[in-house]
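Working through the structure, step by step
For reference, the chains in residue letters:
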Amino acid sequence: MGTGLGEIREASFQSMSTGTRVDYRILTPPSWRDGERLPLILHLHGAMSSSASLDAAKPLYDDGWTRDELPRAIVACPSTPTHGGFYIDHPDGPSWETLIADEFPRHLAKEHGFLAPEVAVIGASMGGYGALKLGFRHPDRYRAIAAVSPAIFPGERMDEVPDENLPSVLRDLHVTMGAGANDPAAYAHNSVYGRLRANAGDLRRHRPAILVDCGGADEFRLQDGSEYLHRLLWDLEVAHDYRVMADAGHMGPSSILRQADAIRFIGRALNDPLNDPAN
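These numbers come from a predicted model, not from an experiment.

Topic: the overall build of the protein chain
- Looking only at helices and strands, one finds eight helices and eight strands in the protein chain.
- Seen along its three principal axes, the alpha-carbon backbone of the protein chain occupies a region of about 50 × 40 × 40 Å.
- For the protein chain, long-range pairs separated by at least 24 residues make up 72% of all intrachain contacts whose partners lie at least 6 apart in sequence.
- A distance of 4 Å separates the average location of the 27 positive side-chain charges in the protein chain from that of its 38 negative side-chain charges.

Here it is, written out as structure tokens:
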């Protein structure tokens, strides 16, 4: 069994992708040493949140290290906005997806020496949408993609999504995916399903470990989108794990247990030499 706890550091940098200063937190494993090459886990927070979500998740990562269920890794979480963000590259505006996929990992490597040989991405809610979108666009980059209660819809076009699946901030995400103008091409580009259809062959070839987990009683009806994604992954013969906890909601104690299980899923993928996208 491992010993000790990880350490969180706070920092910020000026992003060229977004034109803003981006705050972030880094969680290093127990007894981390400068220059130690470790896997990178991108931890994407949900809507109306920030990199402070890593503080709440820290006990789950510490437990993974203590139980030897998670290899030594760097966990990094940047703060991104909800409105005007959504992990989307906006036309003539900030590019939040580019920040996460490219600029932020490069910054970590340059400023902190985190030259990660392997990368995984994990997120919940809005962060789950971001994790799936990044992973499906770049299946060669990620060992594992884990989405808990991802903010995805049961439809691939704007007019296919029932109104009941668009409460609150989800309607804003839905509109933003279409570039605010019901643009079908923009919507497909920003859709998890559009990315999946475009890159199904690469996903089958590189075989990143994929987890989709949702509560069956999600208050925002996100279980409908998760079920749609599961069926599409199945139809396209993309290997994945799909889990539904029947009575679980979006938040609450069960969400913590499910996040812990997603972290263990990431750990198994990072520990498995056969699950190497380079193979």
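Comments concerning the pattern of salt bridges
- Using the criterion set out here, one finds 22 salt bridges in the structure.
- For E97, the salt bridge is made with R137, and the minimal N-O distance between the two is 3.4 Å. Highlighted residues: E97 in helix α2 (residues 96-112) and R137 in helix α3 (residues 126-137), separated in sequence by 40 residues.
- Using a relative accessible area of 34% as the deciding quantity, one classes R137 as partly exposed.
- The residue R171 makes a salt bridge to D163 at a minimum N-O spacing of 2.6 Å.
- Each of E97, K133, R137 and R195 takes part in one network of salt bridges that share partners.

Concerning the environment of P139
- Tracing the sequence through the fold places P139 in the loop between α3 and β6 (144-148).
- When the C-alpha positions of P139 and A209 are compared, they lie 9.8 Å apart, and in sequence the two are 70 residues distant.

Structural notes on the side chain of H43
- As for its placement among the helices and strands, H43 is situated in strand β3 (residues 40-44).
- Polar contacts involving the side chain of H43 include one to the side chain of Y61, which spans 2.8 Å.
- If we ignore the near neighbours within four places in the chain, the residues touching H43 are S53, L54, A57, Y61, V75, A76, C77, P78 and I122.

Observations regarding the sheet that holds strand β7 (residues 209-215)
- In spatial order, the strands read β1-β2-β4-β3-β5-β6-β7-β8; together these eight strands make up an open sheet with mixed pairing. The open sheet has two edge strands with one neighbour each: β1 (7-14) and β8 (241-245). Neighbour-to-neighbour, the strand axes of this sheet turn through a mean angle of 15°, independent of strand direction.
- In this fold α2 packs onto β1, β2 (21-28), β3 and β4 (74-78), with an angle of close to 60° to the strand it touches most, β2.
- Across the sheet, helix α7 (residues 222-235) touches β7 and β8, and the angle it forms with β7 is around 150°.

Quick word on the nonpolar core
- The biggest cluster of nonpolar side chains holds 57 residues, and the ones touching the most others in it are L132, F136, L173, L196 and L229.
- Formed by 25 residues, the second largest nonpolar core is a distinct cluster that contains A120, A146, V148 and A269.

Notes on the packing of α2 against α3
- In the contact formed by α2 and α3, the axes pass within 11 Å of each other and the chain directions differ by 60°. One way to sum up the angle between α2 and α3 is to call them oblique. α2 and α3 meet at a crossing whose hand is right-handed. Here E97, I100 and A101 of α2 lie close against α3, whose contacting residues are K133, L134 and R137.
- Of the residues assigned to the contact of α2 with α3, the class counts are three nonpolar, no polar and three charged.

Focus: the pairing of β1
- Summarising the sheet, β1 and β2 pair through eight bridges and their orientation is antiparallel. Pairing of F13 across the sheet is with V22, part of β2.
- Where β1 folds back onto β2 in an antiparallel hairpin, the turn is made up of six residues, including G19, whose phi is positive at roughly 70°.

Focus: α3
- Between its first and last C-alpha atoms α3 spans 17 Å; for 12 residues at 1.5 Å apiece the expected length is 16 Å, and the two agree.
- Along α3, 11 of the 12 residues are buried, which leaves the element largely enclosed by surrounding structure.
- Turning to α3, its buried residues are M126, G127, G128, Y129, G130, A131, L132, K133, L134, G135 and F136.

Cut-offs used in this document
- Residues numbered from 1 in each chain as written.
- Predicted model: local features only at pLDDT ≥ 70, side-chain atom pairs only at ≥ 80, totals over all residues.
- Heavy atoms only, no water.
- Helix = DSSP H or I, 4+ residues; strand = E, 2+ residues; numbered from the N terminus.
- Contact = heavy atoms within 4.5 Å.
- Lys, Arg positive; Asp, Glu negative; His and termini not counted.
- Charge placed at Lys NZ, Arg CZ, Asp CG, Glu CD.
- Salt bridge = Lys/Arg side-chain N within 4 Å of Asp/Glu carboxyl O.
- Buried < 20%, exposed > 50% of the residue type's maximum accessible area, 1.4 Å probe, protein only.
- Polar contact = N/O pair within 3.5 Å; in protein donor to acceptor, adjacent residues only side chain to side chain.
- Pairing = 2+ DSSP bridges.
- Axes fitted to C-alpha atoms, helices over the stretch in contact; angles between N-to-C directions.
- Core = buried A, V, L, I, M, F, W, Y, C linked by side-chain atoms within 4.5 Å.
- Parallel < 35°, antiparallel > 145°, perpendicular 65-115°, else oblique.
- Left-handed = near helix turned anticlockwise from the far one by under 90°.
- Nonpolar A, V, L, I, M, F, W, Y, C, P; charged D, E, K, R; others polar.
- Expected span 1.5 Å × (residues − 1).

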